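# Tertiary structure, described
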Amino acid sequence: MNKSGLKILVGFVALALAACAAFFSIIGLSKLFAGAMIAVIAMASTLEISKLVIASYLYQQWKVVNKTLRVYLVSAVTIIAIITSIGIYGFLSGAYQTTKSKYDLTQSITDSLSVKKSYFDSGLVSYQSQLESKTTQLNDLYSIRNSQEQRASNLINSNKSFKSVEKSASNTDKSIKLLNKEIAQLNDSIVKYSTESSKLKLGITQASLKNELSSELGSLTYISKVLNIPMDKVVNILIILFMIVFDPLAICMVIAYNQLNESKPDNKDNLDDFSDEELAEIVQDIQSETPQEPIESNTMDIVPQEPIIDEEAAKTAAKLEAKKAQDQSAYGVKIY
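Note that this is a predicted model, so its numbers are computed, not measured.

### Examining the overall build of the protein
Along the protein, the regular secondary structure elements total eight helices and zero strands. Taking all 336 residues of the protein together, 28% fall into the buried category.

### Looking at the nonpolar core
Soluble globular proteins tend to pack their nonpolar side chains together in the buried interior. Residues Leu131 and Leu138 are the most contacted members of the largest nonpolar core, which totals 14 residues. Looking at this core, the elements with two or more residues in it are helix H3 (67-157) and helix H4 (163-215). The greatest single-element share of this core, amounting to eight residues, is contributed by H4. Those residues in contact with leucine 131 that sit more than four places away from it in its chain are Ile183, Leu186, Asn187 and Ile190. In terms of nonpolar packing, the next biggest core, distinct from the first, is built from eleven residues, Val10, Leu17, Ala250 and Val254 among them.

### So, helix H1 (residues 3-32)
Relative to the 44 Å expected for 30 residues at 1.5 Å per residue, H1 spans 43 Å between its end C-alpha atoms, a close match to the ideal helical length. Within the sequence span of H1, burial applies to Val10, Gly11, Ala14, Leu17, Ala18, Ala21, Ala22, Ser25, Ile26, Gly28, Leu29 and Ser30.

### Quick word on the environment of lysine 116
With respect to the element layout, lysine 116 can be found in helix H3. A relative accessible area of 45% places lysine 116 in the partly exposed class.

### Some words on the environment of tyrosine 193
Mapped onto the secondary structure, tyrosine 193 falls in helix H4. Considered as a pair, tyrosine 193 and phenylalanine 120 are 73 residues apart in the sequence and their alpha carbons are 5.5 Å apart. Ignoring sequence-local partners within four residues, the contact set of tyrosine 193 consists of Tyr119, Phe120, Gly123, Leu124 and Tyr127.

### What about the pattern of salt bridges?
Enumeration according to the criterion identifies four salt bridges in this entry. Between lysine 51 and glutamate 48 there is a salt bridge, with its nearest N and O atoms 2.8 Å apart. In this pair, lysine 51 and glutamate 48 are both assigned in helix H2 (residues 37-60), three residues apart and thus about one turn of the helix distant. The exposure class assigned to glutamate 48 is buried, which follows from its relative accessible area of 7%.

### With respect to the confidence of the model for the protein
With 70% of its residues at a pLDDT of 70 or more, the protein has an overall mean of 76. The least confident element of the protein is helix H8 (residues 311-331), whose mean pLDDT is 62; the most confident is H2, at 88. Confidence drops under a pLDDT of 50 for residues 265-269, and excluding neighbours within four residues, the segment shows three contacts in the predicted structure. Low confidence marks residues 295-303, where pLDDT is under 50. Its contacts with residues over four positions away, or in another chain, come to one contact.

### Concerning the side chain of serine 85
Examined against the element boundaries, serine 85 turns out to sit in helix H3. Assessed through its relative accessible area of 11%, serine 85 is described here as buried. Excluding anything up to four places from it in sequence, serine 85 contacts Met243 and Asp247.

### What about the packing of aromatic side chains?
Applying the stated criterion across every chain yields a total of eight aromatic pairs. Aromatic side chains phenylalanine 23 and phenylalanine 91 sit 6.2 Å apart centroid to centroid with 65 degrees between the ring planes, which places their arrangement in the edge-to-face category. Separated by 68 residues along the polypeptide, phenylalanine 23 in helix H1 and phenylalanine 91 in helix H3 bring together distant segments of the chain. The partly exposed category is assigned to phenylalanine 23, whose relative accessible area is 48%.

### Looking at helix H6 (residues 231-260)
In a regular helix each residue adds 1.5 Å, so 30 residues correspond to 44 Å; H6 covers 43 Å between its end C-alpha atoms and thus fits that length. Residue leucine 249 marks the point of greatest curvature in H6, where the axis turns by about 25 degrees. Every buried residue belonging to H6 is among Met231, Val234, Val235, Ile239, Phe246, Asp247, Ala250, Ile251, Met253, Val254, Asn258 and Leu260, and all of these are buried.

### Observations concerning the packing of H1 against H2
The interhelical angle for the contact between H1 and H2, taken along N-to-C directions, is 150 degrees, at an axis separation of 9 Å. On the basis of the axis angle, H1 is roughly antiparallel to H2. When the axes of H1 and H2 are compared, the crossing they make is right-handed. Between H1, through Ala18, Ala22, Ser25, Ile26, Leu29 and Ser30, and H2, the contact on the second element is made entirely by Met37, Val40, Ile41, Ala44, Ser45, Glu48 and Leu52. Looking at side-chain class alone, the contact of H1 with H2 contains nine nonpolar, three polar and one charged residues.

### A look at a nonpolar patch on the surface
Taken together, Tyr89, Ile237, Leu238, Ile240, Leu241, Phe242, Ile244, Val245 and Leu249 make up a surface patch of nonpolar side chains, about 770 Å² in accessible area. Examining the composition of the nonpolar patch, we find that eight residues originate from one element, H6, more than from any other. Tracing the sequence through the fold places isoleucine 240 in helix H6. Owing to a relative accessible area of 35%, isoleucine 240 belongs among the partly exposed residues under this scheme.

### Digging into the packing of H1 against H6
Packing of H1 against H6 leaves a shortest axis separation of 8 Å and a crossing angle of 150 degrees. Between H1 and H6, the interaxial angle falls into the category roughly antiparallel. Viewed along their axes, H1 and H6 form a crossing whose handedness is left-handed. On H6, the residues that touch Lys3, Leu6, Lys7, Val10, Gly11, Val13, Ala14, Leu17, Ala18, Cys20, Ala21 and Phe24 of H1 are Phe246, Asp247, Leu249, Ala250, Met253, Val254, Ala256, Tyr257 and Leu260. Of the residues in the contact of H1 with H6, the class split is 17 nonpolar, one polar and three charged.

Quick notes on the rules
Residues numbered from 1 in each chain as written. Predicted model: local features only at pLDDT ≥ 70, side-chain atom pairs only at ≥ 80, totals over all residues. Heavy atoms only, no water. Helix = DSSP H or I, 4+ residues; strand = E, 2+ residues; numbered from the N terminus. Buried < 20%, exposed > 50% of the residue type's maximum accessible area, 1.4 Å probe, protein only. Core = buried A, V, L, I, M, F, W, Y, C linked by side-chain atoms within 4.5 Å. Contact = heavy atoms within 4.5 Å. Expected span 1.5 Å × (residues − 1). Salt bridge = Lys/Arg side-chain N within 4 Å of Asp/Glu carboxyl O. pLDDT = per-residue confidence, 0-100. Phe/Tyr/Trp six-rings, centres within 6.5 Å; stacked < 30°, edge-to-face > 60°. Bend = angle between axes of the 7 residues up to and from the residue. Axes fitted to C-alpha atoms, helices over the stretch in contact; angles between N-to-C directions. Parallel < 35°, antiparallel > 145°, perpendicular 65-115°, else oblique. Left-handed = near helix turned anticlockwise from the far one by under 90°. Nonpolar A, V, L, I, M, F, W, Y, C, P; charged D, E, K, R; others polar. Patch = residues over 30% accessible without salt bridge, like charges linked within 9 Å, V, L, I, M, F, W, Y side chains within 5 Å. Areas by Shrake-Rupley, 256 points an atom, 1.4 Å probe, with all protein chains shown as cover.

The structure is reproduced here in structure tokens:
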């Protein structure tokens, strides 16, 4: 990706992050101060724009800005970023509370149905236990009744009185009849409780499905169960992570865009754009490339020759000396 494309992409991402952070913060702050919603929206919007402008200004004019003003502007950007994070926390926590209230409502319905189902299930178990006991008693009575009939037959065959056996058989028949009636009642109760338990189970399943569809907290519920952490704490950690990343990242992207947007020409036409070392190298190169005319020597008459200096090299050297003098006067340091 070339520099222009990267600049456009970074600028777009910085603008998108700043706009989203501002939106969440403004809405969150307006909910926190609902009594003056319009005023809070206007104030928060101004602060958000000011934050981006101050960040860009500090990056571009860092060396020029007075130290006191620099400290104040950095503190202002930091405080505005904290306010933005608080607004983001208010917005996300409010959205979570709205969803959580629906979740709690359906969860309370589910819990109520579960309690009722537990009641019917325990009753069903009790009735089934009683039915088993009554059935065992009935089988025993049938065995006794059969033995009584067998004894009565033996007495009749022996021409003996069987009135006592007949009386016992009558009592046994009454007990069998009473047990059959109780078993019928138990069966009715078992059918009734079983039906109610099945209906409640179906209601719990439907409420659970409705709860997951309406609350959209299924993944958070799963994480809460796996980590054995309350869901409120899981959501709180997630919101804090958003706060740490969101607005600081937007500010950093704005600074990155300013850095990419700096104009740094490849060709330096002005001598002020060169450092002292670069100027010295240029003078050396010009002097080395300047042709030196041969000096005729005469043993009888030696005339000292003035060194031939190229005019361009002389101008460059003069500007270099002037720049050194200017730097020395500005910083109070002698430059060699």
